[in-house]
Amino acid sequence: MNILKLFYRNLTQGPSTVAFPFGPAWTPPKLRGRIRFDLPACTGCRACEQVCAPGAIRFDKTPEGLRFMMWHNSCVFCGLCNFYCPTDAIVQSDDWHLAHPTARMYEMAIRELIPYTACSACGTKTLASAPNPVGVEPPFSAEEIEQFRHLCPGCRKKALEERTPNHAPTE
Amino acid sequence: MTRFIQTLTDQAKRLATRSPWIYRINAGSCNGCDVECATTACIPRYDVERLGCQYCGSPRHADIVLITGPLTARIKDDVLRVFAEIPEPKVTVAVGVCPISGGIFRESYAVHAPMNQFIPIDVNVPGCPPRPQAIIEGVAEAIAIWRARL
Ligand code: SF4
Ligand code: SF4
Ligand code: SF4
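Keep in mind that what you see is a predicted model, and the values were worked out from it rather than measured. (Residues numbered from 1 in each chain as written. Chains lettered and ligands numbered in written order. Predicted model: local features only at pLDDT ≥ 70, side-chain atom pairs only at ≥ 80, totals over all residues. Heavy atoms only, no water.)

Looking at the site of ligand 3
Residues and elements named next belong to chain B. As a reminder of what qualifies: Nearness is judged by heavy atoms alone; a residue qualifies as near a molecule or strand once a single heavy atom is within 4 Å of it. Helix and strand assignments follow DSSP, with helices taken as H or I runs no shorter than four residues and strands as E runs no shorter than two, numbered in order from the N terminus. Three classes are used: nonpolar for Ala, Val, Leu, Ile, Met, Phe, Trp, Tyr, Cys and Pro, charged for Asp, Glu, Lys and Arg, and polar for all others, with Gly counted as polar.
Ligand 3 sits among Ser 29, Cys 30, Gly 32, Cys 33, Gly 96, Val 97, Cys 98, Phe 105, Gly 127, Cys 128 and Pro 129. Mapped onto the shell around ligand 3, the elements with two or more residues apiece are helix H2 (32-42) and helix H4 (97-101). Of the residues contributing to the shell around ligand 3, the split by class is seven nonpolar, four polar and no charged.

Notes on the packing of H2 of chain B against helix H5 (residues 132-149) of chain B
All names here are of chain B. Condition: Lines are fitted to the C-alpha atoms to define the axes, a helix being fitted only along its stretch in contact, and any angle between axes, read from their N-to-C directions, falls within 0 to 180 degrees. In this scheme, roughly parallel covers angles under 35 degrees and roughly antiparallel covers those over 145, while 65 to 115 is roughly perpendicular and the rest are oblique. By the convention used here, residues are in contact when the closest approach between their heavy atoms is within 4.5 Å.
One way to put it is that H2 packs onto H5 with a least axis distance of 9 Å and a crossing angle of 75 degrees. Between H2 and H5, the interaxial angle falls into the category roughly perpendicular. The segment H2 lies against H5, with Glu 36, Cys 37, Thr 39 and Thr 40 engaging Pro 132, Ile 135 and Ile 136. A class-by-class count of the residues in the contact of H2 with H5 yields four nonpolar, two polar and one charged.

Notes on the pairing of strand S4 (residues 91-95) of chain B
Residues and elements named next belong to chain B. For clarity, the threshold we go by: To sort residues, take the accessible area from a 1.4 Å probe on protein chains only and compare it with the maximum for the residue type: under 20% means buried, over 50% means exposed, and anything in between is partly exposed. Each pair of strands is called paired provided DSSP finds at least two bridges between the two strands.
For S4, the tally of buried residues reaches five of five residues, placing the bulk of the element in the interior. Side chains of S4 alternate between two faces, with Val 91, Val 93 and Val 95 and Thr 92 and Ala 94 buried alike. Here four bridges tie strand S3 (residues 64-68) to S4, and the two strands are oriented parallel to one another. Note that in S4 the partner of Leu 66 across the bridge is Val 93. Here S4 pairs with strand S5 (residues 123-125) via three bridges, running parallel. Bridging across to S5, Val 95 finds its partner in Val 125.

Some details on empty space enclosed by the protein
All names here are of chain A. Short version of the rule: For cavity detection a 1 Å grid was placed over the protein atoms alone, and a set of points counts as a cavity when a 1.4 Å probe fits there but cannot get out; an open set counts as a pocket when protein lies on both sides within 12 Å along at least five of seven lines, with lining residues being those that have an atom within 4 Å of a point. Grid points are joined across faces, edges and corners, and a volume is the space filled by probe spheres set on the points.
By the definition in use, this model includes three cavities of 30 Å³ or more. Lining the largest cavity are 17 residues, with Cys 52, Ile 57, Cys 75, Cys 78 and Cys 81 positioned closest to its centre. Tallied by class, the residues present in the lining of the largest cavity amount to 15 nonpolar, two polar and no charged. Of the volumes computed, that of the second largest cavity is approximately 80 Å³. Contributing to the lining of the second largest cavity are 13 residues, with Cys 42, Cys 45, Cys 48, Cys 85 and Ala 89 lying nearest its centre. Each residue belonging to the lining of the second largest cavity can be placed in one class, and the counts come to ten nonpolar, two polar and one charged.

Quick look at the pattern of salt bridges
Residue and element names in this part refer to chain B. For clarity, the threshold we go by: For this analysis, a salt bridge means a side-chain nitrogen from Lys or Arg found within 4 Å of a carboxyl oxygen belonging to Asp or Glu.
Going through the model one piece at a time under the given rule, you end up with 13 salt bridges over all chains. Arg 24 is paired through a salt bridge with Asp 34; the nearest N and O atoms lie 2.6 Å apart. In this pair, Arg 24 is assigned in strand S1 (residues 21-26) and Asp 34 in helix H2, connecting sequence segments ten residues apart. Residue Asp 122 pairs with Arg 149 through a salt bridge whose shortest N-O separation is 2.8 Å. Here Asp 122, found in the loop between H4 and S5, pairs with Arg 149, found in helix H5; they are 27 residues apart in sequence, far enough to count as distant. We classify Asp 122 as buried; its relative accessible area is 14%.

Here's the deal with the layout of surface pockets
In this structure, the second largest pocket spans a volume of roughly 280 Å³. If you trace the second largest pocket, you find 16 residues lining it, with Leu 31 and Arg 32 of chain A together with Pro 129, Pro 130 and Arg 131 of chain B closest to the centre. Split into classes, the residues belonging to the lining of the second largest pocket amount to eleven nonpolar, three polar and two charged.

A short note on the state of the cysteines
Heads up, the rule is: Note on terminology: disulfide denotes any pair of cysteine sulfur atoms within 2.5 Å.
Taken as a whole, this structure holds zero disulfides over all chains when the rule is applied. In this structure Cys 42 of chain B is a free cysteine whose sulfur lies 10 Å from that of Cys 37 of chain B, the closest cysteine sulfur available.

Structure (structure tokens):
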């Protein structure tokens, strides 16, 4: 009986082979694929570098600023960087079209730079990174993020205390 | 006569590129990528044989080589010996991040990563493991390279 049912199903539904590469392939919505990095949202906390087991993410101090590098040919697509990033500056997309000729292997990288800037309050040299939003109530607005970006860590702390006197984050 | 041989060779090349034989080398992989390679070939849902390729059991018959694993110190000599037995022209596909950079085993004392210091690799398919469709994409790219090389 079962085989008849199977026979009928195969007759009515056609082959179960997916058409790819001659047609589009279905992608599960939560597939962990190519990494996307959003530089303006990055706080430079380096949590992603800490949790990346194969060392696919690297931060280097350069004279111009903090350089971010990520290489897909070392990444194991575990999703930890996405999970631990406080601002979703690093996320995993569902793009799995990563096959490439070896000549292009070093193009499979993301290279960005968080530049140095002068603190707008005291003039110290500081990184123009986004402020860390963890535990900040009410959440930062877009203008505030831009304003905090140009403050050094000390001045950020002062500005945060002035902003929410009762909710000053504890050390 | 020479023209006849030329036509014959051209015809043989045209037919050959439609049916490459695939050989798989496990260079110390965790088996994740091997399972995906087997899935790509054996499960009707993916069916890499639609591209005209077939897995073969002997390195001497192979045209396209799929390599998985980070090239562990213990397996290195055997892999190099088997790889040398594969006739030219061959196209090498690195399946998974292990053969490309060493992946998760990158810093280990027990692996000789990256593999391309010993074996010329033509196509990379990153993933840990890559999904079957990504492997098919890599094989399609390898067939194109093989066609040009033949
Ligand atoms: S997904 Fe995992 S391996 Fe890839 S960059 Fe993020 S933490 Fe590293
Ligand atoms: S903000 Fe996100 S992307 Fe930037 S260093 Fe921290 S974890 Fe990494
Ligand atoms: S790439 Fe990942 S799944 Fe493939 S062999 Fe290496 S560790 Fe295993």
